[in-house]
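# Commentary on secondary and tertiary structure
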Amino acid sequence: MNKKFTAPELDIQEFVKRFEDESRDIYAQRKTIVDAVHPQLGDAVADLGAGTGLFTHLFAERVGPKGKVYAVDIGPAFLKHIAKQANRLGQERVVKTVLGTQDSTNLLPGSVDVVFICDTYHHFEHPQKMLDSVHGGLRPGGRLILVDFDLRKDSSEFIKQRARAPKEVYFREIVDAGFERIETKDAPKLKENFYAEFRRVERTPVIPVAPGKGNRRKR
């Protein structure tokens with residue numbers, strides 16, 4: 001499903017026209033979405049599935065020169081485009097590109113305060129592995145922001161052909177991966193997408209039991 005995004009000869013301008021268009025709900029409400037995420041000066045934000053860098057550059061404006069925005073994508077052509085735009089906008093010291101995989105963000109452990117995933121979660125071929133990587137990349141108490149297609153009975157055919165499952169399924173997957181759902185008072189009201197926020201919680205480590213010790217009886 002995602003192989004086409006990894007092609008080095010990908011026509012980025014085609015995706016710019018598709019993703020950065022006022023008719024797209026996400027693009028039209030981009031500033032409202034960033035306001036809801038509320039990145040702070042000096043924060044480290046990961047834009048997972050960064051695509052054309054639409055949100056990468058908006059986050060870079062908010063975190064300032066002492067912050068970091070990691071544009072994570074599986075497509076080298078997308079990352080090349082984002083780096084070029086960062087240089088043009090004077091954000092080259094803030095924006096860093098990271099080549100991810102189908103299973104990993106490739107973020108350093110505990111390196112970011114926020115992971116932002118917009119219209120990308122339904123592309124995850126191995127969501128549990130990717131969520132484990134997200135959990136590892138976040139600092140204690142870090143946030144995961146999810147914006148994705150809201151699959152409902154009245155959803156358009158476009159959404160029905162692309163969404164993997166209703167949002168409740170996504171929420172269960174995320175909670176099972178070590179997150180808790182938190183409310184966002186100023187969450188944007190999107191037409192065909194939903195906005196949800198989660199906080200990283202510490203997972204109880206599993207302590208292995210040596211073979212035979214669990215069944216040993218006292219005499």
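Structure report, in brief. It should be emphasised that the depicted structure is a prediction, and the values quoted were computed from it without experimental measurement. (Residues numbered from 1 in each chain as written. Predicted model: local features only at pLDDT ≥ 70, side-chain atom pairs only at ≥ 80, totals over all residues. Heavy atoms only, no water.)

This paragraph deals with the packing of helix H6 (residues 127–137) against helix H8 (residues 167–176). Taken N-terminus to C-terminus, the directions of H6 and H8 make an angle of 50 degrees; their axes are 9 Å apart at the nearest point. Put simply, H6 runs oblique to H8. Every pair of crossing elements has a handedness; the one defined by H6 and H8 is right-handed. Note on element contacts: H8 touches H6 through Glu-173, Ile-174 and Asp-176, opposite Pro-127, Gln-128 and Leu-131. (Axes fitted to C-alpha atoms, helices over the stretch in contact; angles between N-to-C directions. Helix = DSSP H or I, 4+ residues; strand = E, 2+ residues; numbered from the N terminus. Parallel < 35°, antiparallel > 145°, perpendicular 65-115°, else oblique. Left-handed = near helix turned anticlockwise from the far one by under 90°. Contact = heavy atoms within 4.5 Å.)

To continue, consider unusual backbone geometry. Only a minority of non-glycine residues have a phi that is not negative, and only a minority of peptide bonds are not trans. With a phi angle near 60 degrees, Asn-106 is a residue other than glycine that sits in the positive phi range. Mapped onto the secondary structure, Asn-106 falls in the loop between strand E3 (95–99) and strand E4 (112–118). For Asp-119, which is not glycine, the phi torsion reads 50 degrees and is therefore positive. One can find Asp-119 in the loop between E4 and H6. Note on Asp-119: relative accessible area 12%, which makes it buried. (Buried < 20%, exposed > 50% of the residue type's maximum accessible area, 1.4 Å probe, protein only.)

This next bit is on the sheet that holds E3. Taken in spatial order, the seven strands make up an open sheet running E3-E2-E1-E4-E5-E7-E6, and their pairing is mixed. Looking at strand neighbours, the two that pair on one side only are E3 and strand E6 (179–182), the edges of this open sheet. Taking the axes of each pair of neighbouring strands and ignoring which way they run, one obtains an average angle of 25 degrees across the sheet. With four bridges connecting them, strand E1 (residues 44–48) and E4 associate as parallel partners. From the neighbouring strand, Asp-47 faces E4, where its bridge partner is Phe-116. (Pairing = 2+ DSSP bridges.)

Turning our attention to the layout of surface pockets. Considering only enclosed or pocket space, the largest pocket measures out at about 990 Å³ in volume. If you trace the largest pocket, you find 43 residues lining it, with Phe-19, Arg-24, Asp-119, His-122 and His-123 closest to the centre. Those elements giving two or more residues to the lining of the largest pocket turn out to be helix H1 (12–19), helix H2 (25–28), E1, helix H4 (54–63), strand E2 (68–73), E4 and helix H7 (157–162). In terms of residue class, the lining of the largest pocket is built from 19 nonpolar, 14 polar and ten charged. Its boundaries defined by the atoms lining it, the second largest pocket holds a volume of some 210 Å³. Those elements that provide at least two residues to the lining of the second largest pocket are H4 and helix H5 (76–88). When residues in the lining of the second largest pocket are grouped by element, the largest group, four residues, is from H4. (1 Å grid on protein atoms, 1.4 Å probe; cavity = no way out; pocket = protein on both sides within 12 Å on 5 of 7 lines; lining within 4 Å. Points joined across faces, edges and corners; volume = space filled by probe spheres on them. Nonpolar A, V, L, I, M, F, W, Y, C, P; charged D, E, K, R; others polar.)

Purely geometric stuff here, so don't read any function into it on its own.
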